[in-house]
Amino acid sequence: MGTIVDAANKEVNGSSPPDKKLTVVFVLGGPGSGKGTQCANIVQHFGYTHLSAGDLLRAEQNSGSDNGEMIKTMIKDGQIVPSEVTIKLLLRAMEESGNDKFLIDGFPRNEENRAAFESVTGIEPEFVLFFDCPEEEMEKRVLNRNQGRADDNIESIRKRFKVYTQSSLPVIEYYDSKGKVRKIDASKPVEEVFVAVKEVFTSLDEKVKQHRDVFGRCCCLKTLLIIALDSSVGIICSSFTFVDSLFQP
Ligand SMILES: Nc1ncnc2c1ncn2[C@@H]1O[C@H](COP(=O)(O)OP(=O)(O)OP(=O)(O)O)[C@@H](O)[C@H]1O
Ligand SMILES: Nc1ccn([C@@H]2O[C@H](COP(=O)(O)O)[C@@H](O)[C@H]2O)c(=O)n1
């Protein structure tokens, strides 16, 4: 069995059948828009593995790795860590999960993230779930979060909003131009937001089910045709043998 990247590349190159078809949904939106909160609900209802790029970077920072200090400074300043670091963490987590359905939360955060992920893995997201929320609401939520994050203070938040507007929104616009964005009004209460999120994932499940049904029916039809063709050939051959025998001396 190859790695996640091998599987993805096989899908792209078409050189051999993929080990497994990966489903990737990018979850984007400003700081505090509710990405993590909704991902937890999606995991429970739809069986995805949730991978938060921010959480993976924080874990890497705390692991004593060589990149620890660099990650710490960049997170405090709301800057985006170089893609090679983040992608390595994401791919490792995907591999370790054993799942084939992923919610990638807070990634791609800029054009460099997006292009690097695509060229390394060949993976195209199924769609981008975009949590749209006014800045004042996001600011209020982040300041009340109380999870001890080094970047949940007004100075870091302002920097994160700036990076979000300058670097992350263009990525969302890029996917929007490809018809891949599913926009959710994230300013509503958690339960109401999840109603809208559920609709998006339910219609994806239905699409996959319909695809499987059509594929199943095609296979059945093919088998029936082969049997029918096989029987017809048999009948024709027997008829020839019978007619032949009439003319035998
Ligand atoms: N719809 C909502 N209404 C009110 N509060 C919310 C809502 N969704 C999430 N919250 C709260 O807002 C805070 C931020 O939510 P969450 O951590 O899910 O956001 P996020 O988009 O993942 O943020 P970040 O990008 O900074 O990690 C949390 O304290 C969460 O409980
Ligand atoms: N693709 C990413 C994602 C995150 N970061 C850094 O982590 C910080 C926190 O991210 P959250 O998604 O948990 O809010 C973010 O401000 C960046 O500094 C990153 O570099 N690249």
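Since this is a predicted model, take the numbers as computed values, not measurements.

**As for the overall build of the protein**
A tally of helices and strands in the protein yields 9 helices and 5 strands. The order of α-helices and β-strands along the protein, N terminus first, is α-β-α-β-α-α-α-β-α-β-α-α-β-α. At a minimum sequence separation of 6, the contacts of the protein that also span at least 24 residues come to 78%.

**Things to note about the site of ligand 1**
In the vicinity of ligand 1 lie 16 residues, with Gly34, Lys35, Gly36, Thr37 and Arg141 positioned nearest. Elements supplying a minimum of two residues to the shell around ligand 1: helix 2 (35-46), helix 7 (135-143) and helix 9 (190-246). Grouping the constituent residues of the shell around ligand 1 by class yields 5 nonpolar, 8 polar and 3 charged.

**Overview of the sheet that holds strand 5 (residues 181-185)**
In space, the 5 strands of this open sheet follow the order 2-3-1-4-5, with parallel pairing throughout. Every interior strand has two partners, whereas the edge strands, strand 2 (49-52) and strand 5, have only one. Going from strand to strand, the sheet's axes swing by 20° on average, the running direction of each strand aside. Summarising the sheet, strand 2 and strand 3 (residues 101-105) pair through 4 bridges and their orientation is parallel. Bridge pairing in strand 3 places Leu51 opposite Ile104. Contacting strand 2 and strand 3, helix 3 (residues 53-62) runs over the sheet at an angle of about 60° to strand 2.

**Regarding the UniProt feature "binding site: ATP" (unreviewed entry) in the protein**
Per the UniProt record, "binding site: ATP" (unreviewed entry) is found at Gly32, Ser33, Gly34, Lys35, Gly36, Thr37, Arg145 and Lys188. With respect to the element layout, Lys35 can be found in helix 2. Of the residues examined, Lys35 has 24 C-beta atoms within 10 Å and is grouped as buried. In this structure, Lys35 is in contact with Val27, Gly29, Asp105, Gly106 and Phe131, ignoring residues within four places of it in sequence. Among the structural elements, Lys188 can be located in the loop between strand 5 and helix 9.

**Observations regarding the packing of helix 3 against helix 5 (residues 83-97)**
Contact geometry of helix 3 with helix 5 gives a least axis separation of 10 Å together with a crossing angle of 100°. Comparing the axis directions of helix 3 and helix 5 gives the class roughly perpendicular. Note on element contacts: helix 5 touches helix 3 through Thr86, Leu89, Leu90 and Ala93, opposite Ala53, Leu56, Leu57 and Glu60. Per-class residue counts for the contact of helix 3 with helix 5 are 6 nonpolar, 1 polar and 1 charged.

**Thoughts on unusual backbone geometry**
Across the junction of Phe107 and Pro108, the peptide omega takes the value -5°, indicating a cis bond. Located in the positive-phi region is Asn146, a residue other than glycine, with phi close to 60°.

**Things to note about the site of ligand 2**
Surrounding ligand 2, one finds 18 residues, the nearest of these being Ala53, Gly54, Val81, Gly106 and Arg109. Going through the elements one at a time, helix 3 and helix 4 (68-76) are the ones with two or more residues in the shell around ligand 2. In terms of residue count, helix 3 provides more of the shell around ligand 2 than any other element does, 3 residues in total. When the residues that make up the shell around ligand 2 are grouped by side-chain class, the tally is 8 nonpolar, 7 polar and 3 charged.

Thresholds, definitions, all that
Residues numbered from 1 in each chain as written. Chains lettered and ligands numbered in written order. Predicted model: local features only at pLDDT ≥ 70, side-chain atom pairs only at ≥ 80, totals over all residues. Helix = DSSP H or I, 4+ residues; strand = E, 2+ residues; numbered from the N terminus. Contact = placed C-beta atoms within 7 Å. Near = placed C-beta within 6 Å. Nonpolar A, V, L, I, M, F, W, Y, C, P; charged D, E, K, R; others polar. Pairing = 2+ DSSP bridges. Axes fitted to C-alpha atoms, helices over the stretch in contact; angles between N-to-C directions. UniProt positions renumbered as here; feature names shortened; annotations may be inferred. Buried ≥ 20, exposed ≤ 12 C-beta atoms within 10 Å, placed from the backbone. Parallel < 35°, antiparallel > 145°, perpendicular 65-115°, else oblique.

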